[in-house]
Amino acid sequence: MQVAWAGAPRKICLSLSDRASRMNRLRARPRRSSMAPQLLWLALGLLLASSAADAATANYTFTVQSMRINQLCNSTDIIAVNGQLPGPTIDVFEGDEVVVEVINASPYNLTIHWHGIMQLLTPWADGPSMVTQCPIQPNSSYTYRFSVAGHEGTLWWHAHSSFLRATVYGPFIIRPRSGAAFPFPVPDQEVPVVLGEWWSRNVVDVEKDAVMSGQRPVESDAYTVNGLTGQLYQCANETFTAVVQPNTTVLLRVINAALNTHLFFKVAGHNFTVVAVDACYTANYATDTLVLAPGNTVDALIFTGAAPGSYYMAVQPHDTLSPSTLATSEDDSTATAILLYNGMPATATPAMPTMPNSSDTTTANDFYFGLRGVAAVVPSPVDVSMTIELGLGQLPCDSTQTSCTGNSFAAAMNGVSFRAPTEISLLEAQFNGNHTGVYTTDFPDGVPPNGTAMVEGTKVRSLPFNSTVEIVLQNPLAVPAENHPIHLHGFNFFVLAQGLGTFTPGNTSAYNLVDPVARNTIAVPTGGWVVIRFLANNPGMWFFHCHLDAHVPMGLGMVFAVENGTTPGSMLPPPPDDLPMCKPGPKRRHQEPPPPPPSPEAKVPHLSPPERPEAAEDPARGGATRSGGDEGQRRSVLYLYLLLLGLGLFSFG
């Protein structure tokens, strides 16, 4: 299917420099002295009212607690939000404010990360445990507040503490604001497709066993589509089914929420046109296979022009371990959902797509390397140039690893295995201006010499405000080696080049500076490299880490400490009053949270695809309460009337 762009594509996702430029242009607009003071006042009122009409506040309450699910012949207790798997969908418009009260009624410390939201001057809402906040302790709460200005498309939210991400996650959809449109034909229907992994045991125990033994965690028991395994597993329960109309265009919002697995995704009898990745629009990319690293999102259109019938949407793992003998996933571990044409019986036998082999790196690299963005202004010149080598290795077992013998698996960037602080978050230490004993600022810009021993540490790289940063991510073909999906908090970045082998320093001839794809999570191929570039104009502490959750406690991460600028709008704001504390004690900033509700006996819901919203709708989506939009529209009408009245008085007075 070929999809034509509807005119010149808008530049979304907006970079922070784009947003700053917009603000500066607004401030620099000349004032017209010939206008009457009354008219200026009325125009200002209309402007404020129009702004209020375009944006609203979406309020959500997330209650995180235990619930029991029957799946794969087992009854398993999991941690979930509001008794749902996946959790509730956040569904808002570009420019909205989002307020999410998170009530921790679980027995575990936790945080929530809004994956892909850049958190411009709201770093306290970013969520990674001990980087931007201490975790929310059991029977406590924290309210995340942030804006989604400059974002459009499909993102997601998830827990950012231990393996709780396996079941604490959900879609985050940002629609064009009123009056704007998709830069591609408006789909007739939308279907969120959240891919995940399933363990028939407590995932916190899965991680604890791996850390204590110093080994890799056990593989998941199944993969899921919208929380359900589908029909091909033994003792499978339910299957997610999307009912579609023939000869229509359907937008699939596909999210890889899996903890540790890259995934192939296909729909039998249908091809895709990719129009966005990681909530950044792309040039049309036609393919029959989507490849998603953990953390990635893909917006893809399909046309329902096949013979009316039932078609499997199939998910299989993509093993990237080298040598391949280390791979443990089975090719026949396949999760399924169903694309059912309206009018066909639900009992119709679905057609099955031909899936790639689990070790098919050619298909994966063709997908990643083939994507292009829209025309962009890439920041230059480069102020900070780094090469970061990703590595897996071993360190001696420490005293806390009670079941570890000899050495344990470890991971590092430039030979530094990251360790998070335990007493205070990195962001609080940065804001307080005293990082002694918390972190050091000597993260190396280059690869250490061969033979250099891996070290443990909390090392950050300070970045001057507004500096342009270019990073070569090198993933050497060592033993073992693996494709690492690297996620940057606080920014989107341009992918300038990628390839296999070793990057040649200074080889800028391969750079795409015209239409590079923009992302927040990039899969660095096994035995390959990627070059990324971003503008560091968002002060704060921003985690840069592998999105294979097994590698985070091993140390595959580091942190960028972006310094304050010189203006009030470029400096870290103070922490909110309810920012969690690291240890129990007298409430320094807290309000007592409401008592947690009783734990429900819940099941995986059978999801149906949402109705396509009309452009004028402003519904309460995903359980949110919304405020500001309707009142703003009423004020706009009032101020417009006053403005017209003022114009009449001015003309005839």
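Residues numbered from 1 in each chain as written. Predicted model: local features only at pLDDT ≥ 70, side-chain atom pairs only at ≥ 80, totals over all residues. Heavy atoms only, no water.

This part takes up the overall build of the protein chain. Counting secondary structure elements, the protein chain contains six helices and 33 strands. Sorting the 653 residues of the protein chain into buried and exposed places 56% on the buried side. Considering only intrachain contacts with a sequence separation of at least 6, the fraction spanning at least 24 residues in the protein chain is 80%. Summed over all atoms, the accessible surface of the protein chain reaches about 26,200 Å², with 54% contributed by carbon and sulfur. (Helix = DSSP H or I, 4+ residues; strand = E, 2+ residues; numbered from the N terminus. Buried < 20%, exposed > 50% of the residue type's maximum accessible area, 1.4 Å probe, protein only. Contact = heavy atoms within 4.5 Å. Areas by Shrake-Rupley, 256 points an atom, 1.4 Å probe, with all protein chains shown as cover.)

As a further point, take the state of the cysteines. Under the definition given, this model contains three disulfides. A sulfur-sulfur separation of 1.9 Å characterises the disulfide bridge that pairs C134 with C582. Its torsion about the S-S bond being -70°, the disulfide of C134 and C582 is classed as left-handed. One end of the pair, C134, is in the loop between β5 (112-115) and β6 (140-147); the other, C582, is in the loop between β32 (557-562) and β33 (625-627), with 448 residues separating them in the sequence. (Disulfide = S-S within 2.5 Å.)

Across all of its chains, the model carries 21 aromatic pairs by this definition. For the pair W114 and F146, a centre-to-centre distance of 5.4 Å together with 40° between the ring planes defines the contact as tilted. You can see W114 sitting in strand β5 and its partner F146 sitting in strand β6, a full 32 residues away along the chain. Accessibility assignment for this pair places W114 and F146 in one class, buried. Centroid distance Y311 to Y341: 5.6 Å. Interplanar angle 55°. Geometry classified as tilted. Here Y311, found in strand β18 (residues 310-318), pairs with Y341, found in strand β19 (residues 335-341); they are 30 residues apart in sequence, far enough to count as distant. Joined through ring pairs, the aromatic side chains of Y60, F62, W114, Y142, Y144, F146, W157 and F172 make up one cluster. (Phe/Tyr/Trp six-rings, centres within 6.5 Å; stacked < 30°, edge-to-face > 60°.)

Right, let's talk about the pairing of strand β13 (residues 262-267) for a bit. The buried fraction of β13 amounts to six of the six residues, a majority that puts the element mostly inside the structure. Bridging between β13 and β18 involves six bridges; their strand directions are antiparallel. Bridged to F265 within β18 is V315. Strand direction decides the pairing type here: β13 and strand β16 (residues 290-292), joined by three bridges, are antiparallel. (Pairing = 2+ DSSP bridges.)

A word on the sheet that holds strand β3 (residues 90-93). The strand order β3-β8-β7-β5 describes an open sheet built from four strands, whose pairing is mixed. Looking at strand neighbours, the two that pair on one side only are β3 and β5, the edges of this open sheet. Strand after strand, the sheet turns through a mean of 20° between neighbouring axes, direction not considered. Here six bridges tie strand β7 (residues 153-159) to strand β8 (residues 169-175), and the two strands are oriented antiparallel to one another. Residue pairing for β8: L155 is matched across the bridge by F172. (Axes fitted to C-alpha atoms, helices over the stretch in contact; angles between N-to-C directions.)

Our focus in this paragraph is the confidence of the model for the protein chain. The predicted model of the protein chain has a mean per-residue pLDDT of 84, with 79% of residues at 70 or higher. In the predicted structure, residues 19-53 sits below a pLDDT of 50 and forms 34 contacts with residues beyond four places in sequence or in another chain. A low-confidence stretch, residues 630-653 stays under pLDDT 50, and its non-local contacts, those more than four residues away or across chains, total 24 contacts. (pLDDT = per-residue confidence, 0-100.)

Two faces make up the sheet, and in a regular strand the side chains alternate between them. Of all nine residues in strand β25 (residues 467-475), nine are buried; the element is thus mostly enclosed. Of the two faces of β25, both are covered, the one formed by S467, V469, I471, L473 and N475 as well as the one formed by T468, E470, V472 and Q474. Where strand β20 (residues 384-396) meets β25, six bridges bridge the pair, whose relative direction is parallel. Paired with S385 across the two strands is E470, which belongs to β25. Pairing between β25 and strand β30 (residues 528-536): nine bridges, direction antiparallel. Bridge assignment links E470 to a residue of β30, and that residue is R533.

Once that is clear, we can look at unusual backbone geometry. The omega angle of the peptide bond from L85 to P86 is -5°, so this bond is cis rather than trans. Residue placement: P86 occurs in the loop between β2 (74-81) and β3. At the junction of S380 and P381, the peptide bond is cis and its omega measures out at -5° in the coordinates. Here P381 lies in the loop between α4 (361-370) and β20. Positive phi outside glycine occurs at N139, with the angle close to 65°. Within the secondary structure layout, N139 lies in the loop between β5 and β6. Here the phi dihedral of N466 falls at roughly 75°; this positive angle occurs in a residue that is not glycine. By the secondary structure assignment, N466 is in the loop between β24 (460-463) and β25.

Right, let's get into the nonpolar core. Core analysis: the largest hydrophobic core is formed by 91 residues, its most contacted members being L252, F265, L290, I471, L473, F534 and F544. In contact with I471, other than residues within four places in its own chain, are M386, I388, V530, V531, I532, F534, F544 and F560. Formed by 45 residues, the second largest nonpolar core is a distinct cluster that contains V168, V204, F418 and L427. (Core = buried A, V, L, I, M, F, W, Y, C linked by side-chain atoms within 4.5 Å.)

Judged by pairing direction, the sheet is mixed, and its six strands sit side by side in the order β10-β9-β12-β17-β14-β15 without closing on themselves. Sheet topology places β10 (222-225) and β15 (280-287) at the edges, where each strand pairs with a single neighbour. With direction set aside, neighbouring strand axes in the sheet form an average angle of 25°. Pairing geometry for strand β9 (residues 189-198) and β10, over four bridges, is antiparallel. Counterpart to L195 in the pairing with β10 is V225. Across the sheet, α4 touches β14 (272-277), β15 and β17 (297-303), and the angle it forms with β15 is around 135°.

A few words on α4. Within the sequence span of α4, burial applies to A364, N365, F367 and Y368. Taken around the axis of α4, the buried residues stretch over an arc of 160°, which confines them to a single face. Two or three places before T362, at the start of α4, stands the capping residue D360, its side-chain oxygen 3.3 Å from that residue's backbone nitrogen. (Arc of directions from axis to C-beta. Polar contact = N/O pair within 3.5 Å; in protein donor to acceptor, adjacent residues only side chain to side chain.)

To continue, consider the environment of N466. Residue classification places N466 among the partly exposed residues on the basis of a relative accessible area of 42%. Along the sequence, N466 and V562 sit 96 residues apart, while their C-alpha atoms lie 8.8 Å from each other. Excluding anything up to four places from it in sequence, N466 contacts D383, L535, A536 and N537.

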